[in-house]
Each structure stands twice: as C-alpha cells, then as structure tokens.
Amino acid sequence: MTARTPKLFVKSYGCQMNVYDAERMADALAPEGYVAATSAEDADLIVLNTCHIREKAAEKVYSELGRIRKMGEENGRKPLVAVAGCVAQAEGAEILKRSGVVDLVVGPQSYQRLPDLIARAKAGQRPVDTEFAVEEKFSSLATPARPLATRGVTAFVTVQEGCDKFCSFCVVPYTRGAEASRSVAQIVAETERLVAQGVREITLLGQNVDAYHGAGPDGRDWSLARLLYRLAEIDGLARLRYTTSHPRDFGDDLIAAHRDCEKVMPYLHLPVQSGSDRILKAMNRRHTAADYLRLIERIRDARPDLALSGDFIVGFPGETDADFDATMQIVDAAGYAGAYTFKYSPRPGTPAAERETQVDEAVKNERLQRLQARITERQAAFQRSLVGRRIEVLVERVGRHSGQMAGRSPYLSPVQIDGSAAAIGEVVEVDVVGVGPNSLFAAPAGGAREDIRMLAEATA
Ligand code: SAH
Ligand code: SF4
Ligand code: F3S
C-alpha cells in the first residue's frame with residue numbers, strides 16, 4: 001500500500017502579507033511532501049492564517065474552527081489543524097484552551113519551523129510557537145517555487161515586516177513585532193526568480209513599507225526608492241507597486257521615483273485614518289491633516305495622474321461630529337480614487353481600547369455609511385474620468401465572457417478588454433470605452449475609433 005500524499009489547505013484572512021505568508025508556508029511544507037488540497041474537506045493539514053486587526057476578523061477563526069469540528073464529526077476524518085497568523089501571535093496558548101480541535105499554534109515569525117511543529121503535533125504535543133525571529137524567518141523560509149500556471153502574472157514580495165509606530169488603536173506592533181527589513185540581495189533574488197517564472201508585476205509588501213531600510217550590497221541601508229530603482233532594472237518585470245505606506249515615512253526620493261521610475265505604477269495607498277487633527281493626535285499618527293494634504297500635493301506634482309487610496313477609521317474614542325466632518329472634508333480635499341473604511345474596533349492591549357470616550361455603535365454605523373457613500377461617489381467619478389482615455393493594461397487572465405481578456409490598469413482598476421488577442425502577461429494599450437460597477441471596459445487601442453467615441457459618450 002502506498003502512503004497517501006499529504007494535502008495542505010491554507011485559509012488566509014486579513015492583509016496581503018498573510019497571502020504572501022500562505023505561499024511561503026506551502027513552500028516550507030513542499031519538501032515534506034505536502035501538495036495543495038482543493039478544499040478543507042480534502043486536507044490532511046488545515047492552516048487558518050488569521051487576522052487580529054478588528055474584533056470581527058479575530059472572531060472568524062473560532063467560527064471556522066467550529067465548522068472544522070463539525071466537518072470531522074460528519075466525515076469521520078481528523079485532519080491536523082494549525083492556527084497561524086496574527087490571532088495565533090496575540091492569543092497563543094489561549095486558542096488551545098478555547099478550541100479542542102486545534103493541534104498547533106504558530107505566530108507569523110515562526111513558519112520556517114512548521115515541519116518540526118507538525119511532527120510534534122502528530123506526536124500529540126499541541127505545540128505553541130510565537131517567538132519573534134524575523135531574521136530567521138526571512139533567511140530560512142523557502143523561496144517561491146511554484147510555476148506560473150498556479151501563480152499568475154502578479155506576485156507579492158514581503159520586503160519589510162513589523163511596525164514601531166504604535167498607533168493607539170492598532171495591534172500590528174504586537175502581532176508582527178518590531179520593524180525589520182529584508183536585505184536588497186534577498187529581495188532581488190526572489191524577484192528575479194518570480195520574473196523567471198513569468199511574473200510581470202510585483203507588489204512589495206510591508207506594514208510600513210516606506211520605512212524600508214534593508215542592507216544594500218554596498219553595506220549601507222537602502223531606502224524603498226532605491227530598492228524600486230534596483231528592481232526596475234530586472235528585465236521582464238513590467239510593473240512595481242508597494243503597500244502600505246505611512247505618511248511620516250514618505251521620503252523625497254520616493255516622491256521622485258514616482259516621477260522618474262517608469263515601472264513604478266501611478267497608484268498609492270496612503271492611509272490617513274481621520275481628517276481631524278485632534279483625533280490624529282489621539283491616534284498617535286504624528287502628523288496633521290494639512291501635513292497629509294501637502295504630501296499628496298507634492299506626490300501629485302511628481303506624478304499628476306496618481307490614483308490615491310486610503311484607509312479611514314470612524315468612531316475612534318472621542319470622535320465628535322466636528323471631527324467626523326473634518327474626515328468628510330479630507331476625502332474631498334485629497335481626491336481619492338477609492339478607500340477602505342472601518343468602524344473603530346477596540347483591541348485588547350491597545351491604549352485606545354482603555355479610553356472612556358468610546359463612541360456609540362449607532363453613531364459609528366451612521367458615520368460609516370455617510371463616509372462610504374462619499375467614497376463610492378469618488379470612486380465612480382475616478383472610474384468615469386478614465387472613459388475615452390488610452391491606458392496600458394497588464395493582461396492577467398481570460399475575461400468573464402468569451403472573447404474577453406481581463407487585467408488591471410496602472411491605477412489598479414480591473415479592466416475587461418473586448419476582442420483582444422493579447423496573451424496573459426502582455427502589457428497592451430487599450431481604449432477605455434465604458435465603466436461597470438467594478439470594472440472598466442476597453443477595446444484594443446486603435447480599434448473602431450468611431451464606435452468607441454460613441455460608446456464613451458453614451459456612458460459618460
Ligand atoms: N500599516 C498600515 C495599516 C495596517 S492595518 C498603516 O499604518 O496604515 C490596516 C487598516 O486597518 C488601518 O489602516 C486602519 O484603518 C484599520 N485598523 C487598524 N486597527 C483598527 C481598529 N482597531 N479598528 C478599526 N480599524 C482598524
Ligand atoms: Fe498599525 Fe499604525 Fe503600524 Fe499601521 S503604522 S501597522 S496602523 S501601528
Ligand atoms: Fe491582520 Fe495581521 Fe495583517 S492583524 S491586517 S493579518 S498584519
């Protein structure tokens with residue numbers, strides 16, 4: 001009898017760094033013989049790669065664990081269950097107490113030790129590993145080995161992890177630890193490998209990516225801008241993006257890179273969280289609304305077509321109507337192409353959670369709705385502004401309907417291209433002819449111009 005090939009199912013929640021980490025876990029387990037399972041039902045090892053950022057995100061792990069328990073009762077199988085990610089880091093052994101189905105708990109800095117932890121779990125030990133060892137993680141985690149067929153033409157590369165900012169609402173400094181940057185050589189090697197596998201667009205990830213300060217080949221610390229220029233030298237790489245930036249760390253050289261480095265896309269996710277100086281101060285963001293707007297203006301001077309995105313928190317402790325109005329105002333003043341909005345969620349261990357001025361849930365809901373409506377309007381206006389324009393699209397997959405190819409604009413908007421003969425991985429010029437709720441519609445550039453113009457007018 002041949003042994004069954006062990007199958008791994010990783011379910012990721014939260015930010016892109018978890019998506020990246022999930023791939024690294026699969027890479028770390030490949031030498032152990034693990035292959036990807038198509039579903040949790042089919043898996044021998046289920047990893048829940050969790051997020052702790054808001055209460056709702058953190059609680060998802062327990063409802064998922066309940067489902068796994070039920071699944072086991074129904075089909076009689078007992079896969080190994082691991083809890084990874086930021087809830088693992090924050091709650092550690094508590095998770096074992098709360099859920100009997102969990103066999104091991106592993107924090108984001110310890111994935112290189114997964115094979116050993118799994119062996120111990122199989123021996124019935126229920127290990128917990130939440131040590132901070134970023135250096136070790138970066139130097140010993142297997143590098144990406146998957147072929148393009150399963151990977152696609154875009155990929156994430158973590159360049160920096162952790163955060164020293166301690167915004168008063170945020171758990172990330174506690175779950176991801178202190179800021180640490182990977183070396184330029186490591187990042188270049190990983191990117192070259194991805195590009196050799198057919199990847200055309202790389203998004204550099206960091207909780208505070210513009211604070212990147214990795215060791216360069218010259219023995220000095222390199223900035224994110226310098227890293228971007230270096231990566232842009234890689235033949236075959238078409239596009240570079242990075243996320244998430246903090247306004248305080250946005251250097252002049254990064255602004256210049258948006259002007260001078262062609263491969264850096266004109267899209268920027270730069271959260272401001274609130275438009276009120278009083279709230280920004282209470283959040284420990286260490287900048288004012290005016291600082292933020294000035295910075296945006298300088299970046300737009302370098303790159304006028306920049307599409308700006310952000311994050312907002314409504315209902316931070318002590319937020320008054322006037323504070324919230326200031327947030328609505330900064331949405332207009334900054335000119336967002338889109339943004340993410342969140343209701344403040346008190347997180348255990350963070351200073352803001354202790355404040356007595358917590359905002360009523362109903363008020364939070366009402367503010368969230370108003371802010372979301374304004375941002376949706378802004379987003380639609382941005383999308384409409386692209387109709388009639390010629391833009392480049394990186395083709396990522398076949399489209400929703402036959403004869404369509406799908407990809408993304410430089411501004412990250414999904415684009416459906418009609419009647420395109422382009423291949424996946426190509427960057428093609430298209431004329432934007434219309435907008436849908438989530439995508440742009442386009443035709444290959446230089447097609448039936450009259451039709452396009454008429455359509456553009458019809459949708460304007
Ligand atoms: N490092 C990034 C963001 C990390 S978390 C930055 O500094 O901007 C992603 C977003 O989640 C944050 O920008 C914030 O808007 C939101 N967030 C973080 N903690 C939160 C909390 N306690 N309640 C609600 N939203 C929160
Ligand atoms: Fe959290 Fe602030 Fe760090 Fe962003 S900068 S990860 S919001 S503490
Ligand atoms: Fe969530 Fe951790 Fe990312 S808390 S947002 S998964 S850094």
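In case you missed it, the structure is sitting above this.
Residues numbered from 1 in each chain as written. Chains lettered and ligands numbered in written order. Predicted model: local features only at pLDDT ≥ 70, side-chain atom pairs only at ≥ 80, totals over all residues. Heavy atoms only, no water.

Visitor: What is the right way to read the sheet that holds strand S11 (residues 239-243) from this model?
Guide: For sheets, the rule is that strands pair by backbone hydrogen bonds, running either parallel or antiparallel. Here we have 3 strands laid out as an open sheet, ordered S7-S10-S11, and parallel in their pairing. Looking at strand neighbours, the two that pair on one side only are strand S7 (154-158) and S11, the edges of this open sheet. The mean angle between the axes of side-by-side strands here comes to 25°, regardless of whether they run parallel or antiparallel. With 5 bridges joining them, S7 and strand S10 (residues 201-205) adopt parallel strand pairing. When the bridges of S10 are listed, Ala155 appears paired with Ile202. Sitting on the sheet, helix H9 (residues 184-196) touches S7 and S10, and the angle it makes with S7 is about 165°. (Pairing = 2+ DSSP bridges. Helix = DSSP H or I, 4+ residues; strand = E, 2+ residues; numbered from the N terminus. Axes fitted to C-alpha atoms, helices over the stretch in contact; angles between N-to-C directions. Contact = heavy atoms within 4.5 Å.)

Visitor: Explain the environment of Gly407 to me, please; I cannot follow it from the model alone.
Guide: Along the chain, Gly407 falls in strand S16 (residues 404-408). Assessed through its relative accessible area of 4%, Gly407 is described here as buried. With sequence-adjacent residues up to four places away left out, Gly407 is seen in contact with Val393, Leu394, Val395, Glu396, Ser413, Pro414 and Val415. (Buried < 20%, exposed > 50% of the residue type's maximum accessible area, 1.4 Å probe, protein only.)

Visitor: Explanation requested: the site of ligand 1 in the structure shown.
Guide: Residues in contact with ligand 1 amount to 15 residues; listed here are only the nearest, Phe169, Gln207, Gln273, Asp311 and Ser345. In the model, a nitrogen atom of ligand 1 is placed 2.6 Å from a nitrogen or oxygen of the Gln207 main chain. Arg285 places a polar side-chain atom, nitrogen or oxygen, 3.5 Å from an oxygen atom of ligand 1. Surface burial for ligand 1 is 89%, taken as the share of its 540 Å² of free accessible area covered by protein chains. (Near = heavy atom within 4 Å. Polar contact = N/O pair within 3.5 Å; in protein donor to acceptor, adjacent residues only side chain to side chain. Areas by Shrake-Rupley, 256 points an atom, 1.4 Å probe, with all protein chains shown as cover.)

Visitor: What is the right way to look at unusual backbone geometry in this model?
Guide: For residues besides glycine, phi is generally negative; the peptide bonds are generally trans as well. The peptide bond linking Thr243 to Thr244 adopts the cis configuration, its omega dihedral lying at 0°. On the secondary structure map, Thr244 appears in the loop between S11 and helix H11 (252-260). With a phi close to 50°, Arg126 is a non-glycine residue in the positive phi region. Position of Arg126 relative to the elements: it lies in the loop between helix H5 (114-122) and strand S6 (128-129). Under the relative-accessibility criterion, Arg126 is labelled partly exposed at 30%. Positive phi values are uncommon outside glycine, yet Gln273 reaches one of about 75°. For Gln273, the location among the structural elements is in the loop between strand S12 (267-269) and helix H12 (277-282).

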